[in-house]
Amino acid sequence: MFSSVKPYQNQRYASLKKECQRRKQLFEDPLFPANDDSLFYKSRIQGIQWKRPKEICNDPRLFVDGISSHDLHQGQVGNCWFVAACSSLASRESLWQKVIPDWKEQEWNPEKAESYVGIFHFQFWRFGQWLDVVIDDRLPTLHNQLIYCHSNSRNEFWCALVEKAYAKLSGCYEALDGGNTADALVDFTGGVSEPIDLTEGDYIADEAKRNLLFERVLKVHNRGGLISCSIKATSAADMEARLACGLVKGHAYAVTDVRKVRLGHGLLSFFKSEKLDMIRMRNPWGEREWNGPWSDTSEEWQKVSKSEREKMGMTVEDDGEFWMTFEDFCKYFTDIIKCRLINTSYLSIHKTWEEAVLRGAWTRSNDPLKNRSGGCINHKDTFLQNPQYVFDVKKAEDEVLISIQQKPKRTSRKEGKGENLAIGFDIHKVELNRNYRMHTLQQKVASSIYINSRSVFLRTDLKEGRYVIIPTTFDPGHEGEFLLRIFTDVPSDCRELTLDEPPHTCWSGMCGYPQMVSQIHVLAAAGLKNQDSQGGADPYVIIKCEGQKVRSPVKKNTVSPEFDVKGLFYRKKPGQPIIVQIWNHNLISDEFLGQVVLTGDPSDRQSVHTLHLQDKGNRRSNDLPGTIAVMLLSSNILTNV
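The shown structure was predicted, so the numbers you read here are calculated from the model rather than taken from an experiment.

1. Let's talk about the overall build of the protein chain
Reasoning step 1: Helix and strand content of the protein chain: 13 helices and 29 strands.
Reasoning step 2: With respect to the three principal axes, the spread of C-alpha positions in the protein chain is 100 × 70 × 45 Å.
Reasoning step 3: For the protein chain, with 641 residues in total, the buried portion stands at 53%.
Reasoning step 4: Look at the contacts in the protein chain between residues 6 or more apart in sequence, and 73% of them connect residues 24 or more apart.
Reasoning step 5: Accessible area for the protein chain stands at about 29400 Å²; split by element, carbon and sulfur atoms hold 49% of it.
Reasoning step 6: For the protein chain, the separation between the mean place of its 83 positive charges and that of its 83 negative charges on side chains is 4 Å.

2. Observations regarding the packing of helix H4 (residues 80-90) against helix H8 (residues 181-189)
Reasoning step 1: Relative to each other, H4 and H8 sit at 40°, their axes nearing to 8 Å. With respect to their mutual orientation, H4 and H8 come out oblique. For the crossing formed where H4 meets H8, the hand is right-handed. Of the residues in H8, those in contact with Trp81, Phe82, Ala85, Cys86, Ser88 and Leu89 of H4 are Thr181, Ala184, Leu185 and Phe188.
Reasoning step 2: The residue makeup of the contact of H4 with H8, split by class, is eight nonpolar, two polar and no charged.

3. Brief notes about the domain arrangement of the protein chain
A common measure of how large an interface is: the accessible area buried when the components associate.
Reasoning step 1: What the domain assignment lists for the protein chain is domain 1 (6-188), domain 2 (192-263 + 275-284 + 314-340), domain 3 (354-410 + 420-497) and domain 4 (516-635).
Reasoning step 2: Relative placement of domain 1 and domain 2: their C-alpha centres are 28 Å apart.
Reasoning step 3: On the side of domain 2, 21 residues touch domain 1, which itself brings 18 residues to the contact.
Reasoning step 4: Carbon and sulfur atoms make up 61% of the area that domain 1 and domain 2 hide from each other, which totals about 1600 Å².
Reasoning step 5: Sorting the residues of domain 1 by area buried against domain 2 places His70, Arg92 and Leu185 first, and these three jointly supply 33% of that buried surface.
Reasoning step 6: For the pair domain 1 and domain 2, the number of links is zero salt bridges.

4. A short note on the sheet that holds strand S11 (residues 253-262)
Reasoning step 1: Taken in spatial order, the six strands make up an open sheet running S9-S14-S10-S11-S12-S13, and their pairing is antiparallel. The sheet terminates laterally at strand S9 (192-197) and strand S13 (321-325), the two strands that pair on one side only. Taking each pair of neighbouring strands and ignoring which way they run, the sheet shows an average axis angle of 30°.
Reasoning step 2: Where strand S10 (residues 226-230) lies against strand S14 (residues 335-340), five bridges are found, and the strand directions are antiparallel. Pairing of isoleucine 227 across the sheet is with lysine 338, part of S14.
Reasoning step 3: Running at roughly 15° to S14, H8 makes contact with S9, S10 and S14 of the sheet.
Reasoning step 4: This element, helix H9 (residues 207-222), spans S9, S10, S11, strand S12 (275-282) and S14 of the sheet and lies at about 110° to S11.

5. Focus on the sheet that holds strand S1 (residues 5-7)
Reasoning step 1: What the three strands build is an open sheet, ordered S1-S5-S4; its pairing is mixed. Each having just a single partner strand, S1 and strand S4 (119-126) make up the two edges of the open sheet. Averaged over all neighbouring strand pairs, the angle between strand axes comes to 35°, with direction disregarded.
Reasoning step 2: Pairing of S1 with strand S5 (residues 129-136), which is carried by three bridges, proceeds in the parallel orientation. Bridging across to S5, proline 7 finds its partner in aspartate 132.
Reasoning step 3: Docked against the sheet, helix H1 (residues 13-23) engages S4 and S5, running at close to 170° with respect to S4.
Reasoning step 4: With respect to the sheet, H8 is in contact with S4 and S5, its orientation differing from that of S4 by roughly 110°.

6. What about the pairing of S11?
Reasoning step 1: Burial analysis of S11 places eight of its 10 residues in the buried class, the great majority of the element.
Reasoning step 2: Here S10 pairs with S11 via three bridges, running antiparallel. Looking across to S11, one finds that serine 228 is bridged to alanine 254.

7. Concerning unusual backbone geometry
Reasoning step 1: In this structure, aspartate 202 takes a positive phi of about 55° despite not being glycine.
Reasoning step 2: Tracing the backbone through its elements, the reader meets aspartate 202 in the loop between S9 and H9.
Reasoning step 3: Relative accessible area serves as the criterion here: at 42%, aspartate 202 is assigned to the partly exposed category.

8. Looking at the nonpolar core
Reasoning step 1: Ranked by internal contacts, the top residues of the largest apolar core, which has 64 residues, are Ile100, Phe122, Phe124, Trp158 and Leu161.
Reasoning step 2: Looking at this core, the elements that each hand over two or more residues are H4, helix H5 (93-99), S4, S5, strand S6 (139-142), helix H7 (158-170), H8 and S14.
Reasoning step 3: Mapping this core onto the domain boundaries places at least three of its residues in each of domain 1 (6-188) and domain 2 (192-263 + 275-284 + 314-340).
Reasoning step 4: Not counting the four nearest positions on each side in its chain, tryptophan 158 is found in contact with Leu62, Phe63, Ile67, Ser68, Asp71, Leu72, Cys86, Ala90 and Ile100.
Reasoning step 5: Within the second largest apolar cluster, 28 residues are counted, among which are Leu213, Val220, Cys245 and Val258.

9. Focus on the packing of aromatic side chains
Reasoning step 1: On inspection of all chains with the given rule, the structure shows 32 aromatic pairs.
Reasoning step 2: Consider the rings of phenylalanine 82 and phenylalanine 188, whose centres lie 5.8 Å apart with planes at 65°: the pair is edge-to-face. Within this pair, whereas phenylalanine 82 is found in helix H4, its partner phenylalanine 188 is found in helix H8, the two being separated by 106 residues in sequence.
Reasoning step 3: According to the relative accessible area criterion, phenylalanine 188 is buried, its value standing at 0%.
Reasoning step 4: For the pair tyrosine 148 and tyrosine 173, a centre-to-centre distance of 4.4 Å together with 15° between the ring planes defines the contact as stacked. Note that tyrosine 148 is positioned in the loop between strand S7 (145-146) and strand S8 (150-151) and tyrosine 173 in the loop between H7 and H8, a separation of 25 residues in sequence. Just as tyrosine 148 is buried, tyrosine 173 falls in that class too.
Reasoning step 5: Put simply, the rings of Phe214, Tyr253, Phe322, Phe326, Phe329 and Phe333 pair up and form one aromatic cluster.
Reasoning step 6: The positively charged end of lysine 98 is found above the aromatic ring belonging to tryptophan 130, 4.8 Å away from the centroid.

Cut-offs applied
- Residues numbered from 1 in each chain as written.
- Predicted model: local features only at pLDDT ≥ 70, side-chain atom pairs only at ≥ 80, totals over all residues.
- Heavy atoms only, no water.
- Helix = DSSP H or I, 4+ residues; strand = E, 2+ residues; numbered from the N terminus.
- Buried < 20%, exposed > 50% of the residue type's maximum accessible area, 1.4 Å probe, protein only.
- Contact = heavy atoms within 4.5 Å.
- Areas by Shrake-Rupley, 256 points an atom, 1.4 Å probe, with all protein chains shown as cover.
- Lys, Arg positive; Asp, Glu negative; His and termini not counted.
- Charge placed at Lys NZ, Arg CZ, Asp CG, Glu CD.
- Axes fitted to C-alpha atoms, helices over the stretch in contact; angles between N-to-C directions.
- Parallel < 35°, antiparallel > 145°, perpendicular 65-115°, else oblique.
- Left-handed = near helix turned anticlockwise from the far one by under 90°.
- Nonpolar A, V, L, I, M, F, W, Y, C, P; charged D, E, K, R; others polar.
- Domains from an automatic or database assignment.
- Buried area = accessible area lost by both parts, 1.4 Å probe.
- Salt bridge = Lys/Arg side-chain N within 4 Å of Asp/Glu carboxyl O.
- Pairing = 2+ DSSP bridges.
- Core = buried A, V, L, I, M, F, W, Y, C linked by side-chain atoms within 4.5 Å.
- Phe/Tyr/Trp six-rings, centres within 6.5 Å; stacked < 30°, edge-to-face > 60°.
- Lys NZ or Arg CZ within 6 Å of the ring centre and 35° of its normal.

And the structure:
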């Protein structure tokens, strides 16, 4: 996850700092100057002065009494989402030390005042790469007060400086207005964000579903992930409207703790073992809290022992931090964002994932075979004219995490705000041996939402087989770059399908080139011969054609297996048959159960063939127990399947 770091805009912190120290000059960043271009792309605030920390207070510090989620306060720009992400970050030492590298070296040192030259650097994960962003320490102020993110302590500057570096990465400070917490959490960690709509999921009414969600949120928290939540504002007037319960609409909260709280006092609490699912949040305003059950002064806290309260860090202050039961949380909040840190280390005691990372692009072309900007599945004529990625699920069933992130566009005075495209993806089950692009739609097994956010995430369970992911923009004709990340339990061998058909090579003249393409879909078998005392079998299918073969997974303990497996063959000798065999899996030697022989004639349009199994060789006419249902699709045009 923490890969090598690239200097942003080729500015190297160490050499720039050394040069300023040699010249005895304070650093002034030429790429993010102290003027309106760094502040705004359309609006204006009069009277802003850029000041260095020494001009704002006498004893500036990066951190005062360490780093804490209580340090932060939202400024005048609408960036509660960024402050909430920073609050979450501040609670994870291993993560903030990545975003704020060499923090001891960057800290002000009164004993070596001459070594300070007003230069800082911070690191963010963008589009598959950690970037090192250099800034100077000049910060925008009004009446000698910081106008954006600032700390409780007047002389603490870490959050204001991190925000400046993030604004530089985004184009200007105004570009941070109304941003997305999920994006900031990903940029701070390199993790994968999963937004969940609590109202759509009906977690209030469905207790089992709510308990499962709590376990997942707890797991993300315990494994070092970051979490944020909010209450949807349905209109402009709703934005930051305070509800009677003390919560604020259209406002991002950081989740700072998740735990099962033991109720009761003394030994009784251990033996009774009654626990309550609870979650702690923080308002970036640093004030205004929930005033319902389990709020700071509520009587419910009498059910919890003093030692348990201390363990929870319970305080009675209007500091913006408060506890709620998870049931109340699901009742009042509408959205939660889990940012998982995907563990790919083999040395971990926790579940590790195999990660595949691929870069791609939506590009326009008038040639249908070269166009890669076909829009979503609503546009059936062009949908398959998108990038296609094939991957394998190698277990009987596997949990698969998929994230697609579009390359962010910087906001600038000249070009305006860098808007996101509406993006999403579909997953289709394909033939076990497909190596070329899909040209006809196949079974769709999962799809993401389509949304104009920077990234889209899907978690799904898939059965063993081969699949194709098709990332798309919602409408055809849009261009942009994207990053595809796939996480599976075992390596998925994910790769892009770039060719439409087998390539012509220097050997094609001698060895021949395919004349026909055939897709064989084995749906099911019935009435197979019993192979064991329990009256069952462990059958699998082999599809053979011109020396190539495809083998299905084994179906356990059945004489009527549902195979639902496909093979694809590019045939140089269309006269040769396609053979479909069924075998029984045994420990020592597998047993032949029967076969059918197909011609693959393109004129044969019958949808499903149900055929009796036959013996092989000269005994082919002899029927064996059982039938097999197959579908066959053939074409003389190789880009038709």
